[in-house]
Amino acid sequence: MLSGKHRELLACLETLETGGGGVPPEARVEALLDALRLHIRLTERHLQPLIVRVEGHARALQEAELLLTMHELMAELEWFPRGGLEWQVRLLALGDAALAHIRSLELQLFPRLDAALDDREEQDLVRALAATREALCLEMRRTRHGLGALDHADPCSIAT
């Protein structure tokens, strides 16, 4: 389930590439940021405890630091003028951090977590992720609706 969502998130990252050095459309950037926020919250809530259990505190700290870096880069994107050099550098760094995070999960952590969890634990995790994702999507929709930003893409249809 998560691997499929990672592929969707990677595709979203790829759509930001403009090829001509220009600034990606605002709607695409916002869709990516919303999808990353959702993904990070799910990772923090559900995968981090498993990483601590299976890989230990040191490895969980590495992943937590990468998630924090993504949080910080997303916040910094709002500080700088859209399309400016500082903004573009942070967007590129955010894409690199997201790619590193996804690769780490896919290539290293997922195989180990799969081996460590029994069938019941896997099913419980899938149910918990789905329930939390739905709750977070509803929260994001309400927040967006309350802010009058209905024209943004729905982050819940892109990736987690």
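### What to know about the overall build of the protein chain
A count of helices and strands for the protein chain gives five helices and zero strands. Overall, the protein chain shows an N-to-C arrangement of helices and strands of α-α-α-α-α. Here the contacts in the protein chain between residues at least 6 apart in sequence split such that 74% fall between residues at least 24 apart. Split by element, the accessible area of the protein chain, about 8,700 Å² in all, is 56% carbon and sulfur.

### Overview of the confidence of the model for the protein chain
One rule of thumb: low pLDDT means the predicted coordinates there are not for detailed reading. Across the protein chain, the average pLDDT comes to 85, with 85% of residues at 70 or higher. Of all helices and strands in the protein chain, the one with the weakest mean pLDDT is helix 1 (residues 2–14) (78), whereas helix 3 (residues 57–79) scores best (95).

### Observations regarding the packing of helix 2 (residues 26–55) against helix 3
It is at 9 Å that the axes of helix 2 and helix 3 come closest, and there the two elements cross at 165°. Relative to helix 3, the element helix 2 lies roughly antiparallel. Crossing of helix 2 against helix 3: the hand is left-handed. Across from Leu33, Leu36, Arg37, Ile40, Thr43, Glu44, Gln48, Ile51, Val52 and Glu55 in helix 2, the residues of helix 3 making contact are His57, Arg59, Ala60, Glu63, Ala64, Leu67, Met70, His71, Met74, Leu77 and Glu78. Of the residues belonging to the contact of helix 2 with helix 3, the class tally is 11 nonpolar, four polar and six charged.

### Notes on the side chain of histidine 101
In this structure, histidine 101 sits in helix 4 (residues 85–116). Here histidine 101 falls in the buried class, since its relative accessible area comes to 1%. Setting aside anything within four residues of it in sequence, one finds histidine 101 in contact with His39, Thr43, Glu63, Leu66, Leu67 and Met70.

### Focus: helix 3
Residue pairs spaced three or four apart in an α-helix point in one direction, given the helix's 3.6 residues per turn. With 23 residues, helix 3 should reach 33 Å at 1.5 Å per residue; the first-to-last C-alpha distance of 33 Å fits that figure. Within helix 3, burial applies to Arg59, Ala60, Glu63, Leu66, Leu67, Met70, Leu73, Met74, Glu76 and Leu77. Close packing links the buried residues of helix 3 with helix 2 and helix 4.

### A few points about the nonpolar core
Core analysis: the largest hydrophobic core is formed by 22 residues, its most contacted members being Leu32, Leu36, Met70 and Leu94. For this core, the secondary structure elements donating two or more residues are helix 1, helix 2, helix 3 and helix 4. With sequence-adjacent residues up to four places away left out, leucine 94 is seen in contact with Leu33, Leu36, Met70, Leu73, Met74 and Leu77. Listed in part, the 16 residues of the second largest apolar core include Leu42, Leu50, Leu105 and Leu109.

### Describing the packing of helix 3 against helix 4
Axis separation between helix 3 and helix 4 bottoms out at 9 Å; the angle between their running directions is 155°. Put simply, helix 3 runs roughly antiparallel to helix 4. For the pair helix 3 and helix 4, the crossing hand works out as left-handed.

### Things to note about helix 2
Taking 1.5 Å as the rise per residue, helix 2 with 30 residues should run 44 Å; its terminal C-alpha atoms sit only 38 Å apart, a clear shortfall. Leucine 47 marks where helix 2 bends most, by close to 45°; the proline proline 49 follows one to four residues later. The positive-phi residue at the C-terminal boundary of helix 2 is glycine 56, with phi of around 100°.

### Some words on the pattern of salt bridges
The tally for this structure, following the rule as stated, stands at nine salt bridges. A salt bridge links arginine 41 to glutamate 139, with the nearest nitrogen and oxygen atoms 3.3 Å apart. Taken as a pair, arginine 41 in helix 2 and glutamate 139 in helix 5 (residues 119–147) lie far apart in primary sequence, 98 residues in all. Arginine 41 sits in the partly exposed class, given a relative accessible area of 28%. Note that aspartate 124 is salt-bridged to arginine 120, the shortest N-O span being 2.8 Å. Residue aspartate 124 and its partner arginine 120 are located together in helix 5, separated by four residues, close to a single helical turn. Its relative accessible area of 52% is what places arginine 120 among the exposed residues. Salt bridges linked by common partners bring Asp34, Arg37 and Glu78 together as one network.

Cut-offs used in this document
- Residues numbered from 1 in each chain as written.
- Predicted model: local features only at pLDDT ≥ 70, side-chain atom pairs only at ≥ 80, totals over all residues.
- Heavy atoms only, no water.
- Helix = DSSP H or I, 4+ residues; strand = E, 2+ residues; numbered from the N terminus.
- Contact = heavy atoms within 4.5 Å.
- Areas by Shrake-Rupley, 256 points an atom, 1.4 Å probe, with all protein chains shown as cover.
- pLDDT = per-residue confidence, 0-100.
- Axes fitted to C-alpha atoms, helices over the stretch in contact; angles between N-to-C directions.
- Parallel < 35°, antiparallel > 145°, perpendicular 65-115°, else oblique.
- Left-handed = near helix turned anticlockwise from the far one by under 90°.
- Nonpolar A, V, L, I, M, F, W, Y, C, P; charged D, E, K, R; others polar.
- Buried < 20%, exposed > 50% of the residue type's maximum accessible area, 1.4 Å probe, protein only.
- Expected span 1.5 Å × (residues − 1).
- Core = buried A, V, L, I, M, F, W, Y, C linked by side-chain atoms within 4.5 Å.
- Bend = angle between axes of the 7 residues up to and from the residue.
- Salt bridge = Lys/Arg side-chain N within 4 Å of Asp/Glu carboxyl O.

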